[in-house]
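# Observations on the model geometry
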Amino acid sequence: MLNGRGNVSVEKIEAVQRAAREVGYQLNAQAQSLRASKSQGVALILPDINAEQYFQLYRGLHQVWQPSLSEPIDLYLTNDLPNLELEILQTLAAKSYQAVVSVSCLNDSQPYYDLLRLSPENVLFAYRQPVGAVCYFSLDYVTAGEETARRALAQQPGHIGIFCERLEFSHSASFTQAIQETCRELSPHTKLTILPAHASEANTVAFDFFRGAIPDLFIVQDSERTRALTQAAWFGSSQSCPPILQLSDNLPASFDGITSYQMDYGRLGTTIASSIRLPKSKEKHRILTNCGFSWNGQYVPPPETEATLNMLILPSPSTDALKKLLPHFYRQTGIKVNLAVYPYDEVFEILSHLHLHPYYDLLRIDMACFPWFAEKALLPLESVSSELPLLLENFSEQIQQHFSMVNGTAWAIPFDASMQLLFYRRDLFEDATIKRMFYEATGKELTLPQSFAQFDEIAAFFSQLHQPENRQRPMGTAVTLGSSGLIATEYLLRYYALGGRLVREGEPVQLEPSLAATALEQYLQQLSIAVNLPGEWWSDAVKQFERGNLAMLIMYLNLFNDVAHTAIAPTIGYAPVPGQLPQLGGGSIGMSRYSKKKKQVEQFFHWLYSDEIARHLVLLGGNSAWSGICHDQNVLNLYPWFNLLNEKGMTGIRESEGSKGEPFNLRQAEIIIGQGVTNAINGIMNVTEAVEYINVRIRNETGA
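Residues numbered from 1 in each chain as written. Predicted model: local features only at pLDDT ≥ 70, side-chain atom pairs only at ≥ 80, totals over all residues. Heavy atoms only, no water.

Where an unreviewed UniProt entry is consulted, the protein appears under the name ABC transporter, periplasmic substrate-binding protein, with the organism given as Citrobacter europaeus. Its UniProt record gives the protein a comment under Sequence similarities (unreviewed entry), which states: "Belongs to the bacterial solute-binding protein 1 family." As its UniProt record puts it under Subcellular location (unreviewed entry), the protein is described as follows: "Periplasm". (UniProt positions renumbered as here; feature names shortened; annotations may be inferred.)

### Comments concerning the environment of Phe545
Secondary-structure assignment places Phe545 in helix H21 (residues 539-546). Through-space distance from the C-alpha of Phe545 to that of Ile572 is 9.6 Å; in sequence the pair is 27 residues apart. Contacts of Phe545, omitting those with residues within four sequence positions, involve Phe423, Tyr424, Arg425, Leu550, Ala551, Met552, Leu553, Phe560, Val563, Ile568 and Ile572. (Helix = DSSP H or I, 4+ residues; strand = E, 2+ residues; numbered from the N terminus. Contact = heavy atoms within 4.5 Å.)

### Structural notes on the pattern of salt bridges
In this structure the tally under the stated criterion is 20 salt bridges. In this structure, the salt-bridge partner of Asp361 is Lys597, at a minimum N-O distance of 3.8 Å. With Asp361 in the loop between helix H12 (344-352) and strand S15 (362-366) and Lys597 in the loop between strand S25 (587-591) and helix H23 (598-608), this residue pair connects regions lying 236 residues apart in the sequence. Residue classification places Asp361 among the buried positions, given a relative accessible area of 3%. Put simply, Arg436 and Glu440 hold a salt bridge, and the shortest N to O gap is 3.3 Å. Of the two residues, Arg436 and Glu440 both sit in helix H17 (residues 432-442), four residues apart, roughly one turn of that helix. Here the salt bridges share partners, and the residues they tie into one network are Asp80, Arg128 and Glu165. (Salt bridge = Lys/Arg side-chain N within 4 Å of Asp/Glu carboxyl O. Buried < 20%, exposed > 50% of the residue type's maximum accessible area, 1.4 Å probe, protein only.)

### Overview of the sheet that holds strand S2 (residues 73-77)
With parallel pairing, the six strands of this open sheet are ordered in space as S2-S1-S3-S4-S5-S11. At either margin of the open sheet sits one strand with a lone partner, and together these are S2 and strand S11 (285-288). Strand-to-strand twist across the sheet, computed as the mean angle between neighbouring axes with direction ignored, equals 15°. Taken together, the three bridges between strand S4 (residues 123-126) and strand S5 (residues 135-139) define a ladder with parallel strand orientation. Within S5, the residue paired with Phe125 across the bridge is Tyr136. Across the face of the sheet, helix H3 (residues 52-65) comes into contact with strand S1 (42-46), S2, strand S3 (99-102) and S4 while running at roughly 170° to S1. (Pairing = 2+ DSSP bridges. Axes fitted to C-alpha atoms, helices over the stretch in contact; angles between N-to-C directions.)

### Focus on the pairing of S25
With five of its five residues buried, S25 lies for the most part within the structure. Neither face of S25 is open: one carries Gly587, Ile589 and Met591, the other Ser588 and Gly590, and all of them are buried. Relative to S25, S15 runs antiparallel, the two being bridged by five bridges. In the strand pairing of S25, Leu362 is matched with Met591.

### Looking at helix H13 (residues 370-377)
When we look at burial in H13, the residues that qualify are Phe370, Pro371, Phe373, Ala374 and Ala377. Here the buried face of H13 lies against H12, S15, helix H15 (397-403), strand S16 (405-406) and S25.

### Quick notes on the packing of aromatic side chains
The description of two aromatic rings rests on the distance between their centres and on the angle between their planes. Inspection of every chain in the model, using the stated rule, returns 36 aromatic pairs. Residues Phe452 and Phe455 carry aromatic rings whose centres are separated by 5.8 Å and whose planes lie at 70° to one another, so their mutual orientation is edge-to-face. Taken as a pair, Phe452 and Phe455 lie in helix H18 (residues 452-465) at a separation of three residues, close to a single helical turn. Residue Phe452 is classed as buried on the basis of its relative accessible area of 6%. Where Phe560 meets Trp641, the ring centres are 5.6 Å apart and the plane angle is 75°; that geometry is what we call edge-to-face. Of this pair, Phe560 sits in helix H22 (residues 557-560) while Trp641 sits in the loop between helix H25 (633-638) and helix H26 (642-648), placing them 81 residues apart in sequence. On the basis of relative accessible area, Phe560 is assigned to the buried category, the value being 0%. Under the relative-accessibility criterion, Trp641 is labelled buried at 1%. Taking the ring centre of Trp372 as reference, the NZ or CZ of Lys376 above it sits at 4.0 Å. (Phe/Tyr/Trp six-rings, centres within 6.5 Å; stacked < 30°, edge-to-face > 60°. Lys NZ or Arg CZ within 6 Å of the ring centre and 35° of its normal.)

What follows is the structure in structure tokens.
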């Protein structure tokens, strides 16, 4: 009765749930699986969960396998004790799993095939390859060993210490052997001291490196052993710890003297999970490529006269993230960046009269008005530095066209390019009681809306159930009414979903009257079932969702990522917008035509668009369309909605150019549209009059 199906009445569901709570009953997913007479879920066997490579493996599996919390991942820990692992296999033999994933401490894989009632293709070994293993996945430890050895030898050490896992494990043996062979080839006189250690022994074994001749440099297989080494140096040596080259995940090292070779641990988990989910494309043996060395820039002392850059920018999560990272830029270059943060309308006003503000060096320009201002406000990237246009290779062609190129010239680099998505409370959409209530109210199954008619029906349903202060009974959605530009964006999403366009070949830029009227009628009707917010920006709507007060919210990615850092994060679901045609949003950064600081601007761009800074900007709540971000497992774990960008790319619409590619003032057009919609909201005009009012003004005032 608690299985979430829609064939039981609301009264019975609530009665059973009350009784279950009274007796402390918990749903037994395994019993449900057995009753269904089919295997589901995954068993994951790990040595421990604390090591970053194993934790990220679990997170990668979880990300793909359990997005709706309906397919369990059961975790078993062995502490690298063979007897305990064999006991776990006996336990698994009595259960029903679709697949078993293991980082095994056994020498032979045969117990897995003898004890588990699974085909060999459904037993997947990671990192360590026991004898006879049919399916094996790992990262490229041979290349990691070769590249760390070359990086180490570049410092000409006479003695290298290697701290690794036990050598009977295949990935550790491959890593260590590659280091030895590379050193033997390139520097045969360099002394190597290799100390393998079990995780539980690492803190003790690390002290052995500091008894006698201390190595000039260390190569370390994981960050846990790095931690053990630095502690041993602190407590057991009178000298500072020598430099360390470590294998780590996608995050660069945070301390002087530690350089990370980046291993994409999380991607190993997602690859294994995809292999389970897509058996037709299942691979039996795969070694994934690594990320390589993190950017390990050195401190550059500030020049005698401190350089500064002044940057005009909007308030946003990406701006907040950039503020946090700018001290790193100063430490690297000695250049201080001052951020002048102004609301959208004031930024537009400054850009419109930029000659009065020649003190700005960098301009963040919203993509809606980027084509309009590019030639008026910016220097071409090529004229700043011949290398800057090469940075655009890290963005898709569509993003380049919308955020960088005007009339065939590159003027700026995308900063926080994004698009609209539908965010929703997954816990509500999966709640058995709510699903039954929706069925009784509408005769339909509660599913994610594909059209705005469905969206409005679901929003009305939740708003009718609304109970103030009850997070399980929120309002359906929210509408922001304090800015004409924001009203236009929310209205145009509905207009585009109907097939409408502003720009049509051979016609003036304007709304198509019949579609525009239909979209406006829909927009007006939703006001009675949505929270009407008076704010001039979408931050109020995002806060309402963050507090659990909304069941659904359509929002731009670059304004929503901060919500992933709040308590509501585990319940967030995401999907394409109704109508499948989102508007693109965000903006670009270019150099003001009045600035003379080309060298400093070039340094800023190379810093901002390095892999490490681009990743950190996103991990801190910002947004980026930088290639690779959408495949970064740390990013995907925080913001799983980036998966949609993985699958489809950042596709959408924002009509900021005419039918022949000529710029027109889309920002002004959006203000006019918002004012016309507001006239209809206030009853000053009917729908037909509002559409005609909008079209007349667009033709007369936007330069279209």
